[in-house]
Each structure stands twice: as C-alpha cells, then as structure tokens.
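One-letter residues, chain by chain:
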Amino acid sequence: MDDDVRNIVLGVIATGLSGGFGWFSRTYLWRRALRRKQAFLGLPSGSDCLFVVNRQMGGTEFSVHRNDAFALLEISALIKDCGANVQIVTHDEARQGFGDRAEFCVGGPTSNARTVAHLASMLPGIRVNLDSEQHADRGAIRVGEVTYRWEKGQAEHVLLARIAAGEGGRPVFLLSGQTAVSNQAAARYLARHHERLAHSYKDRSFCLVLKVVNSAAYGPDVTELVADVTEAARTPVAEAA
C-alpha cells in the first residue's frame with residue numbers, strides 16, 4: 001500500500017512538473033513572439049499609434065472606400081494584439097512629424113496627401129503617374145528604371161514600406177496602392193507575414209512591391225511579392241539618372 005501511494009504521489013508530482021514546464025515554455029515563447037511583433041511594428045504595450053486614412057476617389061471629402069476601411073480592420077487586429085492604442089485621422093488633418101509614434105498610412109498619392117509627403121521625403125526614387133486621362137501608364141508606379149502598370153481587375157500593384165525615421169525611432173508603414181483593393185491586400189499581407197518580415201528586416205527600413213492578381217475574381221486574396229525595391233526607392237531620381 002505504501003508503495004502504491006508513493007507511486008501515485010510521484011506520478012502527480014511528475015505530471016505537475018511536466019505541465020508547469022510546458023506552460024512556462026508556451027508562455028515564454030508567446031511573450032518572445034509578442035516582443036518581436038511589438039518591436040517590428042513600433043507598438044509597445046500601452047503606446048499610441050496613428051492611422052492615416054485617405055479619401056475615396058470620386059466620393060465626398062470625408063468618405064472612405066470600403067476596402068480602405070477593411071484595411072483598417074486588418075491592421076487594427078495587429079494593434080490590438082500588441083496592446084497599443086490607435087488614433088484615426090484623415091490624410092489632410094495629419095499635420096505632424098513622424099518617429100514619436102508608429103504610423104500606418106493607407107492610400108496612394110492621388111487620394112492621400114500624407115503619402116505624397118512620405119514619398120517625397122523618404123522614398124524619393126518612386127514616381128507615380130497621376131494622370132486622370134485613360135492611357136497605358138495611368139496610375140503606373142515607377143521605381144528606378146522599372147515601371148509597374150495597372151491593369152484594371154487583372155494586375156494591381158501596391159507599395160508596402162516600413163520607414164524607420166525620426167527622432168523617436170517609431171516606424172511609418174506606408175501602404176500605397178493603385179486601387180483600394182490593393183491597399184487592403186497590402187494590409188492583409190502585413191498582418192499575415194509580419195513575423196517573416198520581422199525576421200528578414202528586423203528594425204530596418206524596406207520597400208516592397210506587391211501585385212494583386214485578378215482582383216475582379218479574387219478580390220485582395222491573391223497577392224504576390226514582386227520585388228524588394230528598397231535601394232531604388234531610397235535613391236533620388238536625379239542621382240539614379
């Protein structure tokens with residue numbers, strides 16, 4: 001009987017130790033993953049971040065395209081996971097610097113004045129065709145010597161950039177697409193692949209070109225990484241020429 005009791009006690013102790021070790025390991029790995037996510041996004045617990053929304057093309061002054069609203073939802077999940085707070089402002093009200101808090105800026109230069117400022121000051125190697133007339137290069141994104149053209153409903157490109165600048169060191173995430181669908185696709189790509197991006201770039205800046213394939217059929221779901229254009233995007237056009 002004493003041996004049976006002893007075996008039971010030892011079994012309970014072993015089970016408790018095993019369970020405790022497993023819980024500790026899972027908690028440690030979860031906390032480490034959270035710290036990496038917070039560092040990459042610039043969103044420590046309790047911090048504030050800025051979400052800059054654009055205006056809907058052809059809509060009223062304060063209207064937002066539904067796909068851009070969906071982009072906000074995609075990114076809001078990341079912000080919530082990090083335990084941060086978000087302030088939403090329209091592109092023409094965001095008259096402040098960068099670096100003190102993380103920023104997510106959504107929309108191309110045709111609909112977001114803050115995107116225009118970010119491209120000019122931090123990604124001077126990028127040019128976007130803003131013509132309103134219908135032609136092959138309308139809406140095209142040119143980075144260095146490469147042009148990424150917009151084929152409505154078939155191929156829509158978007159820039160996804162992490163720009164680490166400013167005195168505070170908090171990054172700006174720029175999602176500048178040829179369409180609202182591509183903006184949402186970039187937000188979804190960031191939400192799904194932030195761990196891989198953090199592993200590849202850590203706290204460095206980067207600029208990627210993504211392509212949304214056949215959005216007429218698949219919406220923002222089928223997105224391909226086309227190129228890492230970081231160096232070309234940071235090289236002023238005059239210097240590249």
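Provided above is the structure to which this section pertains.
About the thresholds
- Residues numbered from 1 in each chain as written.
- Predicted model: local features only at pLDDT ≥ 70, side-chain atom pairs only at ≥ 80, totals over all residues.
- Heavy atoms only, no water.
- Helix = DSSP H or I, 4+ residues; strand = E, 2+ residues; numbered from the N terminus.
- Buried < 20%, exposed > 50% of the residue type's maximum accessible area, 1.4 Å probe, protein only.
- Contact = heavy atoms within 4.5 Å.
- Areas by Shrake-Rupley, 256 points an atom, 1.4 Å probe, with all protein chains shown as cover.
- Pairing = 2+ DSSP bridges.
- Axes fitted to C-alpha atoms, helices over the stretch in contact; angles between N-to-C directions.
- Phe/Tyr/Trp six-rings, centres within 6.5 Å; stacked < 30°, edge-to-face > 60°.
- Core = buried A, V, L, I, M, F, W, Y, C linked by side-chain atoms within 4.5 Å.
- Arc of directions from axis to C-beta.

1. A short note on the overall build of the chain
If you tally the helices and strands in the chain, you get 7 helices and 10 strands. Counting only residues that meet the buried cut, the chain has 43% of its 241 residues in that class. Considering only intrachain contacts with a sequence separation of at least 6, the fraction spanning at least 24 residues in the chain is 66%. For the chain, the accessible area works out to roughly 13000 Å², and carbon and sulfur atoms hold 54% of it.

2. Regarding the sheet that holds strand 10 (residues 223-228)
The 7 strands are arranged 2-1-3-8-7-9-10 in an open sheet whose pairing can be described as mixed. What marks the edges here is a single partner per strand, and that holds for strand 2 (85-90) and strand 10. Between one strand and the next, the sheet's axes are offset by a mean angle of 20°, whatever the strand orientation. Strand direction decides the pairing type here: strand 3 (residues 102-106) and strand 8 (residues 171-177), joined by 4 bridges, are parallel. For Cys 105, the partnering residue across the bridge sits in strand 8 and is Leu 174.

3. Topic: the packing of aromatic side chains
A complete count under the given rule lists 4 aromatic pairs for this structure. With a centroid separation of 5.6 Å and 65° between ring planes, the pair formed by Phe 40 and Phe 173 is classed as edge-to-face. Here the residue Phe 40 occupies a position in helix 1 (residues 2-41), and Phe 173 occupies one in strand 8, the gap between them amounting to 133 residues. The same class applies to Phe 40 as to Phe 173, namely buried. When the ring of Phe 104 is compared with that of Phe 173, the centres are 5.3 Å apart and the planes differ by 10°; the resulting orientation is stacked. In this pair, Phe 104 is assigned in strand 3 and Phe 173 in strand 8, connecting sequence segments 69 residues apart. Assessed through its relative accessible area of 0%, Phe 104 is described here as buried. Judged by its relative accessible area of 0%, Phe 173 is buried. Taken together, the aromatic side chains of Phe 40, Phe 104, Phe 173, Tyr 201 and Phe 206 make up a single cluster linked through ring pairs.

4. Describing the nonpolar core
Membership of the largest hydrophobic core comes to 30 residues, with the highest contact counts inside it found for Phe 40, Leu 43, Phe 104, Leu 175, Leu 190 and Leu 197. Elements with a minimum of two residues in this core: helix 1, strand 1 (48-53), helix 2 (66-81), strand 3, strand 7 (155-164), strand 8, helix 4 (180-201) and strand 9 (206-213). It is helix 4 that provides the largest number of residues to this core, a total of 7 residues. Beyond its immediate stretch of four places on either side in the chain, Leu 43 contacts Gln 38, Cys 49, Ile 79, Cys 82, Ala 84, Ala 102 and Phe 104.

5. Section: helix 3 (residues 113-122)
Looking only at helix 3, the buried set comprises Arg 114, Thr 115, His 118, Leu 119 and Met 122. Projected down its long axis, helix 3 shows its buried positions confined to an angular sector of 135°, all on one face. Elements in contact with the buried residues of helix 3: strand 1, strand 3, strand 4 (126-128), strand 7, strand 8 and helix 6 (230-234).

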